[in-house]
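For reference, the chains in residue letters:
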Amino acid sequence: MVYRVILADDHPVVLKGLTLALAKDGLATVVAEAQSPDELLELLATTPCDALITDFSMPAPGRDGLALLREVRRAYPALPVMVITTLANPALYREIIGTGVLGLIGKSADTREIPEALVEILSNHVYLGASVRELIGAPPGEPLGKSGTLADLSPRELKILRLFAAGNSVTDIARATGRGLSTISQQKSNAMRKLRLETDAEIFEYIERLQL
(Lines give C-alpha, C1' and ligand atoms only; values in the text may rest on other atoms or scores of the structure.)
Protein backbone atom coordinates (compact mmCIF):
# COMPACT_ATOMS: atom_id res chain seq x y z
CA MET A 1 0.00 0.00 0.00
CA VAL A 2 1.23 3.49 -0.88
CA TYR A 3 0.24 5.95 1.84
CA ARG A 4 -1.01 9.45 1.08
CA VAL A 5 0.81 12.16 3.00
CA ILE A 6 0.33 15.91 3.32
CA LEU A 7 3.48 17.92 4.08
CA ALA A 8 3.65 21.34 5.72
CA ASP A 9 6.78 23.47 6.03
CA ASP A 10 7.61 27.03 5.03
CA HIS A 11 10.99 25.99 3.57
CA PRO A 12 10.79 24.48 0.05
CA VAL A 13 14.11 22.65 0.50
CA VAL A 14 12.70 20.82 3.54
CA LEU A 15 9.58 19.85 1.60
CA LYS A 16 11.78 18.46 -1.16
CA GLY A 17 13.88 16.46 1.26
CA LEU A 18 10.83 14.97 2.96
CA THR A 19 9.29 14.06 -0.38
CA LEU A 20 12.44 12.20 -1.43
CA ALA A 21 12.66 10.37 1.89
CA LEU A 22 9.04 9.24 1.69
CA ALA A 23 9.31 8.15 -1.94
CA LYS A 24 12.06 5.68 -1.13
CA ASP A 25 10.88 2.09 -1.56
CA GLY A 26 7.49 3.39 -2.72
CA LEU A 27 6.25 3.77 0.85
CA ALA A 28 4.28 6.98 0.40
CA THR A 29 3.29 9.69 -2.02
CA VAL A 30 2.92 13.37 -1.18
CA VAL A 31 -0.59 14.41 -2.21
CA ALA A 32 -0.29 18.07 -1.15
CA GLU A 33 2.15 20.59 0.29
CA ALA A 34 1.47 23.61 2.49
CA GLN A 35 3.77 26.46 3.47
CA SER A 36 1.57 28.11 6.12
CA PRO A 37 -0.97 27.06 8.76
CA ASP A 38 -3.90 28.52 6.81
CA GLU A 39 -2.86 26.70 3.66
CA LEU A 40 -2.47 23.47 5.62
CA LEU A 41 -5.96 23.68 7.11
CA GLU A 42 -7.43 24.36 3.67
CA LEU A 43 -5.65 21.32 2.23
CA LEU A 44 -6.76 19.05 5.06
CA ALA A 45 -10.37 20.06 4.39
CA THR A 46 -10.16 19.21 0.69
CA THR A 47 -7.45 16.56 0.24
CA PRO A 48 -7.84 13.00 1.57
CA CYS A 49 -4.68 11.71 3.26
CA ASP A 50 -3.44 8.98 5.57
CA ALA A 51 -1.00 11.10 7.58
CA LEU A 52 0.27 14.63 8.12
CA ILE A 53 3.93 15.60 8.51
CA THR A 54 4.33 19.21 9.61
CA ASP A 55 6.85 21.73 10.82
CA PHE A 56 6.20 23.16 14.28
CA SER A 57 6.99 26.78 13.48
CA MET A 58 5.51 28.36 10.37
CA PRO A 59 4.90 32.12 9.98
CA ALA A 60 1.39 32.80 11.29
CA PRO A 61 1.22 34.72 14.58
CA GLY A 62 -1.21 33.12 17.00
CA ARG A 63 -1.85 30.11 14.79
CA ASP A 64 1.41 28.24 14.57
CA GLY A 65 3.00 25.74 16.92
CA LEU A 66 0.82 24.25 19.61
CA ALA A 67 -2.25 26.26 18.54
CA LEU A 68 -2.11 24.73 15.06
CA LEU A 69 -1.57 21.20 16.37
CA ARG A 70 -4.55 21.51 18.71
CA GLU A 71 -6.72 22.82 15.88
CA VAL A 72 -5.73 19.91 13.65
CA ARG A 73 -6.42 17.44 16.47
CA ARG A 74 -9.89 18.89 17.11
CA ALA A 75 -10.85 18.79 13.44
CA TYR A 76 -9.18 15.46 12.56
CA PRO A 77 -8.86 13.41 15.77
CA ALA A 78 -8.00 10.16 13.98
CA LEU A 79 -5.34 11.61 11.66
CA PRO A 80 -1.78 10.43 12.48
CA VAL A 81 0.44 13.51 12.82
CA MET A 82 4.23 13.76 12.81
CA VAL A 83 6.09 16.95 13.75
CA ILE A 84 9.57 17.77 12.48
CA THR A 85 11.23 20.68 14.24
CA THR A 86 14.46 22.57 14.87
CA LEU A 87 13.44 23.08 18.50
CA ALA A 88 15.58 21.46 21.18
CA ASN A 89 13.50 22.07 24.30
CA PRO A 90 12.43 19.08 26.43
CA ALA A 91 9.39 20.83 27.94
CA LEU A 92 8.14 21.90 24.51
CA TYR A 93 8.67 18.37 23.20
CA ARG A 94 6.35 17.09 25.91
CA GLU A 95 3.76 19.76 25.19
CA ILE A 96 3.83 18.82 21.50
CA ILE A 97 3.30 15.16 22.29
CA GLY A 98 0.53 16.16 24.68
CA THR A 99 -1.52 17.51 21.75
CA GLY A 100 -1.88 13.96 20.42
CA VAL A 101 1.03 14.01 17.99
CA LEU A 102 2.34 10.49 17.41
CA GLY A 103 5.67 11.31 15.80
CA LEU A 104 8.32 13.86 16.79
CA ILE A 105 11.67 14.19 15.02
CA GLY A 106 14.40 16.83 14.99
CA LYS A 107 15.22 18.37 11.61
CA SER A 108 18.87 17.45 12.10
CA ALA A 109 17.94 13.76 12.26
CA ASP A 110 18.89 11.13 9.72
CA THR A 111 16.28 11.21 6.94
CA ARG A 112 16.03 7.43 7.26
CA GLU A 113 14.01 8.06 10.41
CA ILE A 114 11.18 9.61 8.38
CA PRO A 115 9.80 6.47 6.66
CA GLU A 116 10.35 4.42 9.82
CA ALA A 117 8.41 6.99 11.83
CA LEU A 118 5.61 7.07 9.25
CA VAL A 119 5.09 3.32 9.49
CA GLU A 120 4.91 3.57 13.28
CA ILE A 121 2.41 6.43 13.47
CA LEU A 122 0.19 4.78 10.86
CA SER A 123 0.05 1.83 13.26
CA ASN A 124 -0.99 4.24 16.04
CA HIS A 125 2.39 3.91 17.76
CA VAL A 126 4.39 6.81 19.16
CA TYR A 127 7.71 7.43 17.40
CA LEU A 128 10.31 9.76 18.92
CA GLY A 129 13.49 10.50 16.99
CA ALA A 130 16.83 9.63 18.54
CA SER A 131 17.72 13.27 19.29
CA VAL A 132 14.29 13.85 20.87
CA ARG A 133 14.57 10.82 23.14
CA GLU A 134 18.07 11.83 24.20
CA LEU A 135 16.99 15.33 25.19
CA ILE A 136 13.91 14.28 27.15
CA GLY A 137 15.62 11.29 28.73
CA ALA A 138 13.43 8.55 27.25
CA PRO A 139 15.43 5.39 26.46
CA PRO A 140 14.58 3.56 23.19
CA GLY A 141 11.70 1.12 23.60
CA GLU A 142 10.42 2.74 26.78
CA PRO A 143 7.24 4.85 26.92
CA LEU A 144 7.43 8.57 27.52
CA GLY A 145 6.42 9.61 31.02
CA LYS A 146 3.49 11.97 31.43
CA SER A 147 5.28 14.43 33.73
CA GLY A 148 7.28 17.45 32.62
CA THR A 149 4.55 19.71 31.25
CA LEU A 150 2.70 22.89 32.16
CA ALA A 151 0.16 20.87 34.15
CA ASP A 152 2.87 19.96 36.68
CA LEU A 153 3.48 23.56 37.72
CA SER A 154 1.75 25.25 40.62
CA PRO A 155 0.05 28.60 39.88
CA ARG A 156 2.87 30.42 41.69
CA GLU A 157 5.58 28.60 39.77
CA LEU A 158 3.90 29.42 36.48
CA LYS A 159 3.52 33.08 37.49
CA ILE A 160 7.20 33.31 38.34
CA LEU A 161 8.24 31.82 34.99
CA ARG A 162 5.95 34.23 33.15
CA LEU A 163 7.38 37.22 35.03
CA PHE A 164 10.92 35.98 34.46
CA ALA A 165 10.33 35.44 30.74
CA ALA A 166 8.94 38.97 30.56
CA GLY A 167 12.36 40.30 31.51
CA ASN A 168 12.13 40.54 35.29
CA SER A 169 15.00 39.36 37.45
CA VAL A 170 14.47 37.13 40.48
CA THR A 171 15.03 40.21 42.65
CA ASP A 172 12.42 42.17 40.66
CA ILE A 173 9.89 39.35 41.09
CA ALA A 174 10.54 39.14 44.83
CA ARG A 175 9.90 42.85 45.21
CA ALA A 176 6.79 42.80 43.02
CA THR A 177 5.22 39.83 44.79
CA GLY A 178 6.29 40.71 48.32
CA ARG A 179 7.99 37.34 48.82
CA GLY A 180 11.52 36.54 49.86
CA LEU A 181 14.33 36.31 47.32
CA SER A 182 15.17 32.76 48.40
CA THR A 183 11.52 31.72 48.02
CA ILE A 184 11.29 33.07 44.48
CA SER A 185 14.63 31.53 43.55
CA GLN A 186 13.53 28.14 44.91
CA GLN A 187 10.18 28.25 43.11
CA LYS A 188 11.93 29.09 39.84
CA SER A 189 14.32 26.18 40.37
CA ASN A 190 11.42 23.86 41.19
CA ALA A 191 9.60 24.87 38.00
CA MET A 192 12.70 24.28 35.89
CA ARG A 193 13.24 20.87 37.49
CA LYS A 194 9.63 19.83 36.82
CA LEU A 195 9.89 20.93 33.19
CA ARG A 196 13.39 19.47 32.84
CA LEU A 197 14.75 22.83 31.71
CA GLU A 198 18.37 23.67 32.39
CA THR A 199 18.87 27.23 31.12
CA ASP A 200 17.10 30.58 31.27
CA ALA A 201 17.01 30.60 27.46
CA GLU A 202 14.88 27.46 27.57
CA ILE A 203 12.45 29.22 29.91
CA PHE A 204 12.09 32.14 27.50
CA GLU A 205 11.51 29.81 24.56
CA TYR A 206 9.01 27.66 26.46
CA ILE A 207 6.86 30.57 27.66
CA GLU A 208 6.99 32.29 24.26
CA ARG A 209 5.94 29.18 22.36
CA LEU A 210 3.10 28.46 24.75
CA GLN A 211 1.96 32.08 24.25
CA LEU A 212 1.30 32.43 27.98
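Look above for the structure.
Keep in mind it's a predicted model, so treat the numbers as computed, not measured.

Quick word on the pattern of salt bridges
At step 1: What the rule picks out here adds up to five salt bridges.
At step 2: Here lysine 107 and aspartate 9 are joined by a salt bridge, their closest N and O atoms 2.8 Å apart. Separated by 98 residues along the polypeptide, lysine 107 in the loop between β5 (103–106) and α5 (113–122) and aspartate 9 in the loop between β1 (3–8) and α1 (12–23) bring together distant segments of the chain.
At step 3: According to the relative accessible area criterion, aspartate 9 is buried, its value standing at 2%.
At step 4: Across the pair glutamate 157 and lysine 194 runs a salt bridge, and its minimum N-O distance is 2.9 Å. With glutamate 157 in helix α7 (residues 155–165) and lysine 194 in helix α9 (residues 181–195), this pair connects stretches of sequence that are 37 residues apart.

Details of α9
At step 1: Helix length check: α9, at 15 residues, gives a terminal C-alpha distance of 21 Å against a target of 21 Å (1.5 Å per residue), a fit within 8%.
At step 2: Buried within α9 are the following residues: Ile184, Gln187, Lys188, Asn190, Ala191, Met192 and Leu195.
At step 3: Its buried side turned inward, α9 meets α4 (90–98), α7, α8 (170–177) and α10 (200–210).
At step 4: Trailing α9 by a residue or two, arginine 196 shows a phi angle of about 60 degrees, which is positive.

Observations regarding the pairing of β5
At step 1: Burial along β5 is two-sided: Gly103 and Ile105 facing one way and Leu104 and Gly106 facing the other are all buried.
At step 2: As defined by bridge partners, strand β4 (residues 81–85) adjoins β5 across four bridges and the pair is classed as parallel. Within β5, the position partnered with isoleucine 84 by the bridge is isoleucine 105.
At step 3: Regarding the hand of the β-α-β motif, the stretch spanning β4, α4 and β5 is right-handed.
At step 4: Where β5 meets strand β6 (residues 127–128), two bridges bridge the pair, whose relative direction is parallel. Bridged to leucine 104 within β6 is leucine 128.
At step 5: Between β5 and its parallel partner β6, the chain crosses via α5, and the hand of that crossover is left-handed.

What counts as what
- Residues numbered from 1 in each chain as written.
- Predicted model: local features only at pLDDT ≥ 70, side-chain atom pairs only at ≥ 80, totals over all residues.
- Heavy atoms only, no water.
- Salt bridge = Lys/Arg side-chain N within 4 Å of Asp/Glu carboxyl O.
- Helix = DSSP H or I, 4+ residues; strand = E, 2+ residues; numbered from the N terminus.
- Buried < 20%, exposed > 50% of the residue type's maximum accessible area, 1.4 Å probe, protein only.
- Expected span 1.5 Å × (residues − 1).
- Contact = heavy atoms within 4.5 Å.
- Pairing = 2+ DSSP bridges.
- Right-handed = clockwise from strand over helix to strand, strands pointing away.

Don't take any of this as a statement about function, it's just geometry.
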